[in-house]
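Observations on the model geometry
Given next are the chains, with one letter for each unit.
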Amino acid sequence: MADLALHQTRPIKEIAIDYTPEACNHCSDSNSITLTYDHRGGARWRSTTRFLYGTFSSLIQCPKGNTSGLNFNIYLSSLEGDKSQDEIDFEFLGKDKTIVQTNYYTTGTGNREEIHDLGFDCSDGFHEYVIKWGPDLIEWLIDEKVVRRAERKDDERFPDKAMFLYSSIWDASYIANGGWTGPYMGCDAPYVCLYKDIHVPAGTALDCSCDS
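These lines cover the structure that appears in this document, whether it is placed above or below.

What counts and how
Residues numbered from 1 in each chain as written. Predicted model: local features only at pLDDT ≥ 70, side-chain atom pairs only at ≥ 80, totals over all residues. Heavy atoms only, no water. Pairing = 2+ DSSP bridges. Helix = DSSP H or I, 4+ residues; strand = E, 2+ residues; numbered from the N terminus. Axes fitted to C-alpha atoms, helices over the stretch in contact; angles between N-to-C directions. Core = buried A, V, L, I, M, F, W, Y, C linked by side-chain atoms within 4.5 Å. Buried < 20%, exposed > 50% of the residue type's maximum accessible area, 1.4 Å probe, protein only. Contact = heavy atoms within 4.5 Å. Phe/Tyr/Trp six-rings, centres within 6.5 Å; stacked < 30°, edge-to-face > 60°.

Taken together, the 3 bridges between strand 1 (residues 9-11) and strand 15 (residues 191-201) define a ladder with antiparallel strand orientation. Opposite R10, over in strand 15, you have V200 as the bridge partner. Sheet topology note: the strand 4 (residues 32-37)/strand 15 ladder contains 6 bridges and is antiparallel. In the sheet register, S32 faces strand 15, and the bridge partner there is K196. Note: strand 6 (residues 54-61) against strand 15, 4 bridges, orientation antiparallel.

This is how it looks when you write it as structure tokens:
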């Protein structure tokens, strides 16, 4: 894929909300999205189209307070809930807001997790998170710095299914008995995750009838 096609982006114009629409607010004029976790549970939004390769980015300010147990994120997936999905992740683990986890899946197989020290508290302000995805290379960037590169190996499957851009906030405390994100406390609810300046690839959308 040519560099121009890989790096040229545009603001996201429309989103779909998969659940709890009252906990997700989207303003297309300001290109901002708010997700809230409270007594209603969480919410998840996604792009209205899939994209085959490209650069995806957002400024994110994660929720304040004791977020133990929660997962908040931005990621690509060919279809959430599909056991054979391709996926590329940034995931924040509520038990420690100074780290972020990256991972990627091919045909439902992940186990490629890496933990990165942020050098800041992700709730203190907005920081830019970028996924650059091509046929042979994935890069994860934070504030313009590459924190991880994954190159395709000849004997390895690599994400090649068209993917939506997703983001959600949810209680993941049941996973590994709280070992992943910590036990859920809930003492500082509601928890609000803020997204702004969200960009998707300019020319690689496959569902032309949507997000136009």
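Back to the text.
Taken together, 7 strands build an open sheet; the order of strands is 2-5-14-7-8-9-10 and the sheet is antiparallel. The open sheet has two free edges, formed respectively by strand 2 (15-19) and strand 10 (114-117), since each of these has just one partner strand. Between one strand axis and the next, the sheet turns through 20 degrees on average, direction left out of account. The pairing of strand 7 (residues 70-77) with strand 8 (residues 87-93) spans 7 bridges and is antiparallel. The partner of N73 across the bridge, within strand 8, is E91.

This part covers the nonpolar core. In terms of nonpolar packing, the biggest core is built from 42 residues, with W45, I88, F92, Y129 and I138 touching the most fellow members. The biggest single contributor to this core is strand 15, with 5 residues. Beyond its immediate sequence surroundings of up to four residues, Y129 is in contact with F56, S57, S58, I60, F90, F92, L118, F120, C122, L141 and I142.

Counting across every chain of the model gives 13 aromatic pairs. Aromatic pair W45 and Y195: ring centres 6.0 Å apart, planes at 85 degrees, arrangement edge-to-face. One end of the pair, W45, is in strand 5 (residues 43-47); the other, Y195, is in strand 15, and 150 residues separate them in sequence. Residue W45 is classed as buried on the basis of its relative accessible area of 0%. On the numbers, 5.9 Å between centres and 65 degrees between planes, the contact of Y104 with F158 is edge-to-face. Taken together, the residues span a long stretch of sequence, with Y104 in strand 9 (residues 99-105) and F158 in the loop between strand 13 (145-151) and strand 14 (164-171) at a distance of 54 residues. Overall, the relative accessible area of 4% leaves Y104 in the buried class. Residue classification places F158 among the buried positions, given a relative accessible area of 4%. One aromatic cluster is present, formed by F72, F90, F92 and Y129 through successive ring pairs.

These figures capture arrangement, not role.
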